[in-house]
Amino acid sequence: MAEPHERECAVCTEELTTPKILPCGHLLCRECVISWMDSKPDAGCPLCRCPIVEQSDGSSSDTVDALPTDFVMEALVESARVLSKDHLCCVCEDVRADFICLQCQDMLCTACTKAHRKLSMSRSHDVESISTVTPERLAASRPALCADHGDKQADSFCFCHRLVVCKSCKVQKHSGCLKVSDFDFEIHSAENSLTHLTKILVEAEQKLEQAIGQVTSRLQEVDVSEQEDMAQVDKTCDRLHKLVEDFRDKVKDKTRVSHLQIRNSLRDVKTALSNRVGKVTSHKLIVTRAVAVSPRPALIHMTQALTDRVNSLDLSADLKQVVWEIPLSSAEWSQEVVGRIKNELLKLEHLRTKFKKKVNCFLLYY
């Protein structure tokens, strides 16, 4: 169920108007996206900073119009607006309405509700208490009406004009169109496609979350490794006492740099994965909402756009090689240096001994 804040635009903070689906999966009003792009040459999503477009050679309005429209959210906003109006009977006008017809979208008092249920043209309609009807329920119950005849039930979908039409319009206005299909069949096909997209997105989300968990665990291992290495560095340097105080600082610096490089790389991987899972989650929400609100003609409009969008997303959860790299062990490096220092000390001792012998010989000579 869409929360009230989900129906608001992050830019104007008003209810979404012609909501456009950004590449990251967030929704903004069409006009807000245009003004946002016009205000900044490299404008990204105001919520996550992801680019709105990779490259645009045309006007911002043309670029925005190329983005998919979330018709389901548009219907939810309209339904929420209907439910937020004053609860007055559409017939009596000054009498409180406690019921709403989900097909007519009219609020009715108790007396008018009884009459509405008896009329032949509306006795099959669903009339429910206003307090129990949600925007999702109201949007899903709207009948599919002909684009040309708003009072006639649509039974076909014209792919050439992207419209739902009634039988008469199909014969009179769309007989020459290349593809006019049965509306119920297309709705069923759209539902199947969206269900498949939901499965793909759920699996991708799970894999990406698992990958993020692995990176987080690896970061913890790097922290532990750093602590152990730093302790060994201290132990090694303590053995060399004051002779290697300067050396100990250098070893620590090298250890920090080594782990910092791996940590930064891991954080970059984690950030990239988080951005990707954000996109997947946002698109999963859109697809899930579309499935939940079905059936509607809007599903047919959105299915191909969402399919193309999901196919363009990077759904893989493969980790870069850097995740499995082992930071340079400063302990091993320090042991090697200690050995070198010991050798140098031995050489110095040997030279000191030789020098002492020479001094003794010199003294004896004189």
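The preceding data block contains the structure.
I will try to describe carefully the structure that is included in this document. (Residues numbered from 1 in each chain as written. Predicted model: local features only at pLDDT ≥ 70, side-chain atom pairs only at ≥ 80, totals over all residues. Heavy atoms only, no water.)

1. Considering the overall build of the protein
Reasoning step 1: Secondary structure summary: the protein contains 10 helices and eight strands in total.
Reasoning step 2: Taking all 366 residues of the protein together, the buried fraction comes to 40%.
Reasoning step 3: A fraction of 63% describes how many contacts in the protein between residues 6 or more apart in sequence connect residues 24 or more apart.
Reasoning step 4: Of the roughly 21100 Å² of accessible surface on the protein, 53% is carried by carbon and sulfur atoms. (Helix = DSSP H or I, 4+ residues; strand = E, 2+ residues; numbered from the N terminus. Buried < 20%, exposed > 50% of the residue type's maximum accessible area, 1.4 Å probe, protein only. Contact = heavy atoms within 4.5 Å. Areas by Shrake-Rupley, 256 points an atom, 1.4 Å probe, with all protein chains shown as cover.)

2. Focus: the side chain of His174
Reasoning step 1: Position of His174 among the secondary structure elements: in the loop between helix H6 (167–172) and strand E8 (180–182).
Reasoning step 2: Judged by relative accessible area, His174 falls into the buried class, the value being 5%.
Reasoning step 3: In this structure His174 touches Asp148, Cys158, His161, Val165, Cys169 and Val180, once residues within four positions along its chain are discounted.

3. Section: the environment of Cys101
Reasoning step 1: Mapped onto the elements, Cys101 comes out in strand E3 (residues 99–101).
Reasoning step 2: Cys101 sits 25 residues away from Asp126 along the chain, and the two C-alpha atoms are 5.8 Å apart.
Reasoning step 3: If near-sequence neighbours (up to four positions away) are discounted, Cys101 is found in contact with Asp106, His116, His125, Asp126 and Val127.

4. Examining helix H9 (residues 297–312)
Reasoning step 1: With 16 residues, H9 extends 24 Å between its outermost C-alpha atoms, agreeing within 8% with the 22 Å of an ideal straight helix rising 1.5 Å per residue.
Reasoning step 2: When the local axis directions of H9 are compared, the greatest deviation, roughly 30 degrees, occurs at Thr303.
Reasoning step 3: Those residues of H9 lying buried are Pro297, Ala298, Leu299, Ile300, Met302, Thr303, Leu306, Thr307, Arg309 and Val310. (Expected span 1.5 Å × (residues − 1). Bend = angle between axes of the 7 residues up to and from the residue.)

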